[in-house]
Amino acid sequence: MKYYLSIQAQDIAENGAAESRPQPPLFDFLGIALTRKCTARCRMCCFECSPQQTEELDGELVLRMIQEAAGIPEIKKIGFTGGEAMLREELLLTCIRRTKQYGMQASLTTNGFWAATAEAARLRLENLCSAGLDSLTVSMDQYHQEYVPLSCIRNIIHAVRNTDIRFLLAAGDSAGEHSAMRLLKELGEDAYEIQILIYPFMPVGRAENLDQFLLKDVNPAWSCHNQRMLSVLYDGSVYPCCSQAVYDSRLCEGNIHDMSLKDIMKRYQYLSLFAELTRHDFAWLLHKAGEYRIEVSRQTQSACSLCHELFANPAFAERLRNDVMQERALSVLEALSHMQLKQKSLAGAAETFRIKNVPYTMRVTADGRNPGWPETTGGTNTPAAVYVFEAEHLTEKTALHAITQAFRSCQGWFKSLPLGLPASIQVNSGPVHFIMHRQDKPDSSMYS
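Throughout what follows, the structure given in this document is the object of discussion.

Rules behind the numbers
- Residues numbered from 1 in each chain as written.
- Predicted model: local features only at pLDDT ≥ 70, side-chain atom pairs only at ≥ 80, totals over all residues.
- Heavy atoms only, no water.
- Patch = residues over 30% accessible without salt bridge, like charges linked within 9 Å, V, L, I, M, F, W, Y side chains within 5 Å.
- Areas by Shrake-Rupley, 256 points an atom, 1.4 Å probe, with all protein chains shown as cover.
- Salt bridge = Lys/Arg side-chain N within 4 Å of Asp/Glu carboxyl O.
- Helix = DSSP H or I, 4+ residues; strand = E, 2+ residues; numbered from the N terminus.
- Buried < 20%, exposed > 50% of the residue type's maximum accessible area, 1.4 Å probe, protein only.
- Pairing = 2+ DSSP bridges.
- Contact = heavy atoms within 4.5 Å.
- Axes fitted to C-alpha atoms, helices over the stretch in contact; angles between N-to-C directions.
- Parallel < 35°, antiparallel > 145°, perpendicular 65-115°, else oblique.
- Left-handed = near helix turned anticlockwise from the far one by under 90°.
- Nonpolar A, V, L, I, M, F, W, Y, C, P; charged D, E, K, R; others polar.

## Topic: a nonpolar patch on the surface
Then comes step 1: On the surface, a nonpolar cluster with roughly 230 Å² of combined accessible area is contributed by Met181, Ile196 and Ile198.
Then comes step 2: Mapped onto the elements, isoleucine 196 comes out in strand E7 (residues 195-200).

## Comments concerning unusual backbone geometry
Most peptide bonds take the trans form, and the phi angle of most residues other than glycine is negative.
Then comes step 1: Looking along the chain, the bond that leaves glycine 82 and enters glycine 83 is cis, with omega of 20 degrees.
Then comes step 2: Relative to the elements of secondary structure, glycine 83 occurs in the loop between strand E3 (77-81) and helix H2 (89-101).
Then comes step 3: Despite not being glycine, glutamate 48 has its phi angle at roughly 55 degrees, a positive value.
Then comes step 4: Residue class for glutamate 48 comes out partly exposed when judged on its relative accessible area of 36%.

## A look at the pairing of strand E9 (residues 229-232)
Then comes step 1: What you see with E9 is no split at all: Met229 and Ser231 on one side and Leu230 and Val232 on the other are buried throughout.
Then comes step 2: Of the pairings in the sheet, the one linking strand E2 (residues 29-33) to E9 comprises 4 bridges and is parallel in character. Bridge pairing in E9 places glycine 31 opposite serine 231.
Then comes step 3: In the sheet, E9 pairs with strand E10 (residues 238-239) via 2 bridges, with the strands oriented antiparallel. From the neighbouring strand, serine 231 faces E10, where its bridge partner is tyrosine 239.

## Some thoughts on the environment of alanine 312
Then comes step 1: Counting through the fold element by element, alanine 312 comes out in the loop between helix H9 (303-311) and helix H10 (314-341).
Then comes step 2: Take alanine 312: its relative accessible area is 23%, and that puts it in the partly exposed class.
Then comes step 3: Between the alpha carbons of alanine 312 and valine 246 there is a distance of 8.3 Å; along the sequence they are 66 residues apart.
Then comes step 4: The residues contacting alanine 312, other than those within four sequence positions of it, are Asp248, Ser249 and Arg250.

## Details of the sheet that holds strand E4 (residues 105-110)
Then comes step 1: The sheet built from 8 strands is open, its strands ordered E7-E6-E5-E4-E3-E2-E9-E10 with mixed pairing. Two strands in the sheet have a free side with no partner beyond their single neighbour: E7 and E10.

## Quick notes on the pattern of salt bridges
Then comes step 1: What the rule picks out here adds up to 13 salt bridges.
Then comes step 2: Note that arginine 88 is salt-bridged to glutamate 56, the shortest N-O span being 3.7 Å. On the criterion of sequence distance, the pair formed by arginine 88 in the loop between E3 and H2 and glutamate 56 in the loop between E2 and helix H1 (59-70) is long-range, its members being 32 residues apart.
Then comes step 3: Ionic pairing is found between arginine 279 and glutamate 276, a salt bridge with its closest N-O pair at 2.9 Å. On the criterion of helical spacing, the pair formed by arginine 279 and glutamate 276 is a turn pair, its members being 3 residues apart in helix H7 (residues 273-279).
Then comes step 4: You can call arginine 279 partly exposed: its relative accessible area is 30%.
Then comes step 5: Residue class for glutamate 276 comes out buried when judged on its relative accessible area of 5%.

## Topic: the packing of helix H3 (residues 118-131) against helix H4 (residues 150-160)
Then comes step 1: At a closest axis distance of 9 Å, the pairing of H3 and H4 adopts a crossing angle of 50 degrees. With respect to their mutual orientation, H3 and H4 come out oblique. The way H3 lies across H4 gives a crossing that is right-handed. Where H3 abuts H4, its residues Ala118, Ala121, Arg122 and Leu125 lie against Asn155, Ile156, Ala159 and Val160.
Then comes step 2: Its residues placed into classes, the contact of H3 with H4 shows 6 nonpolar, 1 polar and 1 charged.

What follows is the structure, encoded as structure tokens:
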């Protein structure tokens, strides 16, 4: 069986080769929102959770995610949240056990409603500790306290000191009577010697109706300080961090019901706007906003709220995505130029390599044209580098992987190209196509 891969471009540049630019992994933490249901209906909730919400992830799907995460070396930790994750306590404990069985750390974020008495707090924490929970975060602010009294927080603080669970108190902050410091003062000595995170509320979700936000001047030197968490929400949508500002933005790159974790991570690593966000400071984003004539607030709550303002704007997100894809396409063109320069020496050559002990042969056509090529790839009129891969046991399922591995092992410059490129990228100098099809099915589907 033969498979063809055509990498082609019009008006290819004549100089330079793409450099190898490996990117460090963006994520080592998987966050899973088990449910949108919550015991509270807080006025600042970015998810607009409440006791009436019914959206939740299927338990078997969650366990499959944990199993898949265990096979991804970059993922070291899994965190469970909601809504209120403790409303699905049996599933939660199973997930914690399974996470620990796979050698990963497990964490939980909760509002603490379950600690109404000291004894209730002790028993719940014993169960969590026995399951293997490594760390616990409790949300505390004036809005939560309308539903969860401060006594619950005290009970948890006292009980957790008798366990090996790491404890974090996450206190949301806003202006006036909803200041986090006022609530921490009420805790008094109970707040001593515990880790506390204070963060500003932002006008997203139900909080859009609030007007007590803390503001500061926008600083172009800000950069993304994401916690390397890939977040899966109760509806399966996947976002690149756990910030309250990210969830109605254009930074979602897939849904766990349709894609694997590995594929979503790969997309974030190589093709997402978020990947660009992590490589630049906000000066670059603000410059782009000015270039697109999009006004940006001079004051905001934090870098996260500025990120939300930009990436919740469809016009900004689409313009930036187009710019990023053109930059990526130019990188491909640069690599193609290098390939074209070497074409004469490679023409007619064959190179054999092995993947999982299966032999594959790569052959290069003499002039980069193939008269039998379908019109969808440019026919006989478009300059292209056409590589033919032959193997007795090459299947449609493994062909793209084999071809990708061949390029990565046989052509050093190919390592600079992002995996998972779209099937077609439009650039000013013409289209770049990544197309693979079987010899006996020349019109079969395109693969990216």
